[in-house]
Structure formats: structure tokens, C-alpha cells
Amino acid sequence: MIRDGYAARWQGAEYEASPDGDNVRLYRPDPSDGFEEVRPGRFRRVVPLGEVDFAYVRTTCFWRDEPFIVLGEHDGWLRVEYTGGKATVAAELGLEEFDYGVYQGWAPRADVSELREYRV
């Protein structure tokens, strides 16, 4: 599973999470004690920030020998954002300019290397 977003460890489990002032919202796909359903297949519990190990999770990789952040995954393809900072290289890779100086594209998962997840 590719992750790019907030996560929290709470009572021995890891959850998708989001900050909420002095609290953290924890999310899970199925019901559990203390979690309320916010929509079908999405359950939330709010806990104090001091009770969790809270971090931002970022996945990185190399594609065609260039550095990327992995934003998501779909059907064996990774949505990647170039972090090398060179517009000419981004153009050579066929990336789309998503925003000024921000280049994104799709890379076959089988073609990327050094796929790593970091907690920052």
C-alpha cells in the first residue's frame, strides 16, 4: 500500500489520521469500539494528540534514475511527483507540469526502484 499523508499509532495499531488542534482524528475502514461511522466504510475516533505517535508518512522512489515522491497507486501504476528540480529532465521524462515547477506523471510500478516509506 502506498501512503502519502498523516498517520498515527495508537494502542498498538496504526491508523490514517488528521490533525485537529490538540486532538487527532483516527480513521479505519471497519467498525470498532469508540469509532463512529462518518460514511459507509469510514469510521472515525478523536483522541488527544498526547496519546498517539503522530507523523506524516511519505513514500519515495527512483524512476529512470531520478527521484520522486509517490502520491498514489492504481492498477500497477504509481502517480509520481519529480523532486529533482530540473525542468529539462522533467520534460525529457514526459511529465506533466501540474503547477509551476511541479511535475507529475504515471510510472509502471515494476519500473521504479528504491520504493521506501518514511515517517517525517
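As a reminder, the structure under discussion sits directly above these lines.
Note that the structure is predicted; figures quoted are calculated from it, not measured.

Colleague: Before we go on, may I ask you to explain the environment of Val 102 in this structure?
Modeller: One can find Val 102 in strand 10 (residues 102-108). Ignoring any residue separated from it by four or fewer positions in sequence, one finds Val 102 in contact with Glu 81, Glu 96 and Glu 97.

Colleague: Looking at this structure, how should I read the packing of aromatic side chains?
Modeller: To describe a pair of aromatic rings, you give the distance between the ring centres and the angle between the ring planes. For the structure shown, the criterion picks out six aromatic pairs. Their ring planes at 85° and their centres at 5.1 Å tell us that Tyr 6 and Tyr 56 sit as a pair that is edge-to-face. Taken together, the positions of Tyr 6 in strand 1 (residues 5-10) and Tyr 56 in strand 6 (residues 53-63) put the pair 50 residues apart, joining distant regions of the chain. These aromatic residues form a ring-pair network of at least three members: Tyr 6, Phe 54 and Tyr 56. Of note, Arg 28 hangs over the ring of Phe 35, and the distance from its end group to the ring centre comes to 5.5 Å. Sitting over the face of the ring of Tyr 27, Arg 42 holds its NZ or CZ atom 3.9 Å from the ring centroid.

Colleague: Help me out: how do you make sense of the pattern of salt bridges in this one?
Modeller: Within the structure shown, the criterion is met by 13 salt bridges. Residues Arg 119 and Glu 14 are paired through a salt bridge, measuring 3.0 Å at the closest nitrogen-oxygen approach. One end of the pair, Arg 119, is in strand 11 (residues 112-119); the other, Glu 14, is in strand 2 (residues 13-20), with 105 residues separating them in the sequence. Look at Glu 14 and you get partly exposed, because its relative accessible area is 31%. The residue Asp 53 makes a salt bridge to Arg 119 at a minimum N-O spacing of 3.8 Å. With a gap of 66 residues between them, Asp 53 in strand 6 and Arg 119 in strand 11 connect regions that are remote in the sequence.

Cut-offs and rules
- Residues numbered from 1 in each chain as written.
- Predicted model: local features only at pLDDT ≥ 70, side-chain atom pairs only at ≥ 80, totals over all residues.
- Heavy atoms only, no water.
- Helix = DSSP H or I, 4+ residues; strand = E, 2+ residues; numbered from the N terminus.
- Contact = heavy atoms within 4.5 Å.
- Phe/Tyr/Trp six-rings, centres within 6.5 Å; stacked < 30°, edge-to-face > 60°.
- Lys NZ or Arg CZ within 6 Å of the ring centre and 35° of its normal.
- Salt bridge = Lys/Arg side-chain N within 4 Å of Asp/Glu carboxyl O.
- Buried < 20%, exposed > 50% of the residue type's maximum accessible area, 1.4 Å probe, protein only.

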